[in-house]
Amino acid sequence: MKIGVLTGGGDAPGLNAVIRAVVRKCIANGHELVGIREGWRGILENKYDPLDRNSVSGILHRGGTILGTSRTNVYKVEGGEAQVIKNMADNGIDAIVAIGGEDTLGVASKLAKAGVHIVGVPKTIDNDLSATDFTFGFDTAVNVATEAIDRLHTTAESHNRVIVVEVMGRHAGWIAAYSGIAGGADIILVPEIPYDIDEVCSIIRKRHEGGKSFSIIVASEGAVAKKVAGDSEMILQDQKLDSFGHVRLGGIGNHLAEEIEKRTGFETRSTVLGHIQRGGTPTAYDRVLGTRLGFCAAELVETNKWGYMAALKGTSIDAVKLEEATRELKTIDLQLMEVAKTFFG
Ligand code: F6P
C-alpha cells in the first residue's frame, strides 16, 4: 500500500514521534510512505514529500511537525471531498493516517464515511478530545506552564505582587488545572466553572491579610465570568473565525489583572504563556505516548480498520471509532477542581 501521513491543526509536541512510529512500522510491514504537507491543504493541493527511514531519523526529540500543518477544512472548499478522492487516486495513495485534533479528525471521520481509507491519531495540547484519556502534547504543555509558574512565584514574592498566568486550552481547563495544581497556584480559573471576580478578590485579600504578600492566579484562556457564562462575551483576541468556525481566545489575563488591581489595590501583572506551551522538545511521556499511538495507527492500517483511531484507554492503547473522538468536548473532571480548591488562598 502507499500510505499518506498528515498532521493538521495546531502543532503539539510529540507529533514527530507519531510520524516516526507510523513510518517505521509501516515500512517494516512492506508499505510505501508519503508525507502530505500542511494538513488537509497538502492533499487538496498535491503537496507531498517522500517519507523513508532517513527522513524520520533524528526527529523524535524535536517539537513541531516535519510535515507542516494548517487549519484547512476540506469541507469549506468547494468540491473538497471529491478533490481529496481524486488526488489520492491520481497519486496512488491508498490510505491516509491523519494526526490531529477535533477539526482534523472531524474531516477524517467524514472522509471515512465517504469511503476513503483513513485512520486517525488524536493530538492536542488541550487534552479536550473525548474517546482518549490523554492526548500527547498535553504533558509537555503542562510541564512548560508549571515551570513558568515556579519562576513567576519567585518574582511575585520578591515584588509583593499578584501575577495572573494565562494558559492555553480553549474551552477546556485541563492545562490550567494540571499546571495550577502542580505549580501551587492560589486560584485556578477554568472555563468549566465561571468565576466571580468578587470571590477571586476576596480570596486574595484574605490570603494577604493572613500574612502572604503575593499571589499566583492561573487562568485558562477560555475562563468566563459568572454573569456572562454561556454568552458570547468570552474575552477574545479578535472577532475572526478560522475555517472550522473557531474564535481566537486570549486576553483574560490582562483583563483579570486590571480588575484585581483596581478592586484590591494590590499591584498586579499578567503573563500570557501563549505558544511557548506548544513549542520545543516533547517530554518523555509525550514521546512514548506518540510512539505507541503511531504504532497502533500502523496496525489499524495493516488490518484495514478504516474509520478508526488509536486512543489511550487507561494504560492501554485501543482502537475507537473516529466519530467518537469528535462527538463531544472532553471538559475537565470537576473532582480535580475540588482538589485544587483546597489550596486556594
Ligand atoms: O488547540 C491548541 C491551541 O494551542 C489552543 O490551546 C489555542 O487556543 C489555539 O490552539 C491557538 O491557536 P493558534 O495557533 O491558531 O494561535
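This text goes with the structure placed above it.
Residues numbered from 1 in each chain as written. Predicted model: local features only at pLDDT ≥ 70, side-chain atom pairs only at ≥ 80, totals over all residues. Heavy atoms only, no water.

Chemist: Looking at this structure, how should I read the site of the ligand?
Modeler: Close to the ligand lie Arg71, Ile125, Asp126, Met168, Gly169, Arg170, Glu221, His275 and Arg278, which account for all nearby residues. In the model, an oxygen atom of the ligand is placed 2.9 Å from a nitrogen or oxygen of the Arg71 side chain. Between the ligand and the protein, one listed contact pairs an oxygen atom with a side-chain N or O atom of His275 at 2.9 Å. Here the shell around the ligand is composed, by residue class, of two nonpolar, two polar and five charged. Taken domain by domain, the shell around the ligand gets at least three of its residues from each of domain 1 (2-136 + 282-325) and domain 2 (139-279). (Near = heavy atom within 4 Å. Polar contact = N/O pair within 3.5 Å; in protein donor to acceptor, adjacent residues only side chain to side chain. Nonpolar A, V, L, I, M, F, W, Y, C, P; charged D, E, K, R; others polar. Domains from an automatic or database assignment.)

Chemist: Explain the state of the cysteines to me, please; I cannot follow it from the model alone.
Modeler: Put plainly, two cysteines are in a disulfide when a covalent bond ties their sulfur atoms together. Counting across every chain of the model gives zero disulfides. Cysteine Cys296 remains unbridged, with the sulfur of Cys26 as its closest cysteine sulfur at 11 Å. (Disulfide = S-S within 2.5 Å.)

Chemist: Help me understand the pattern of salt bridges in this model?
Modeler: Proximity of charged atoms lets side chains of opposite charge pair with each other. The full count for this structure, using the stated rule, is 15 salt bridges. One salt bridge in this structure joins Arg41 and Glu38, with 2.8 Å as the shortest N-O distance. Residue Lys262 is joined to Glu259 by a salt bridge in which the shortest nitrogen-to-oxygen separation is 3.3 Å. Taken together, the positions of Lys262 and Glu259, both in helix α8 (residues 252-264) and three residues apart, correspond to about one turn of that helix. Of the residues examined, Glu259 reaches a relative accessible area of 16% and is grouped as buried. Several salt bridges share partner residues, and in doing so they unite Glu38, Arg41, Glu45 and Lys47 into one network. (Salt bridge = Lys/Arg side-chain N within 4 Å of Asp/Glu carboxyl O. Helix = DSSP H or I, 4+ residues; strand = E, 2+ residues; numbered from the N terminus. Buried < 20%, exposed > 50% of the residue type's maximum accessible area, 1.4 Å probe, protein only.)

Chemist: What am I meant to see in the nonpolar core here?
Modeler: One broad trend across soluble globular proteins is that nonpolar side chains are buried collectively. In this structure, Val97, Ile99 and Phe136 are the most contacted members of the largest nonpolar core, which totals 58 residues. Here this core gets eight residues from one element, more than from any other, and that element is helix α5 (residues 138-159). Counting the residues that make up this core, at least three belong to each of domain 1 (2-136 + 282-325) and domain 2 (139-279). Those residues in contact with Ile99 that sit more than four places away from it in its chain are Val5, Leu6, Thr7, Gly8, Leu15, Val18, Ile19, Thr104, Val121, Lys123 and Phe136. By size, the runner-up hydrophobic cluster in this structure holds 26 residues, among which are Leu44, Ile96, Ala108 and Val320. (Core = buried A, V, L, I, M, F, W, Y, C linked by side-chain atoms within 4.5 Å. Contact = heavy atoms within 4.5 Å.)

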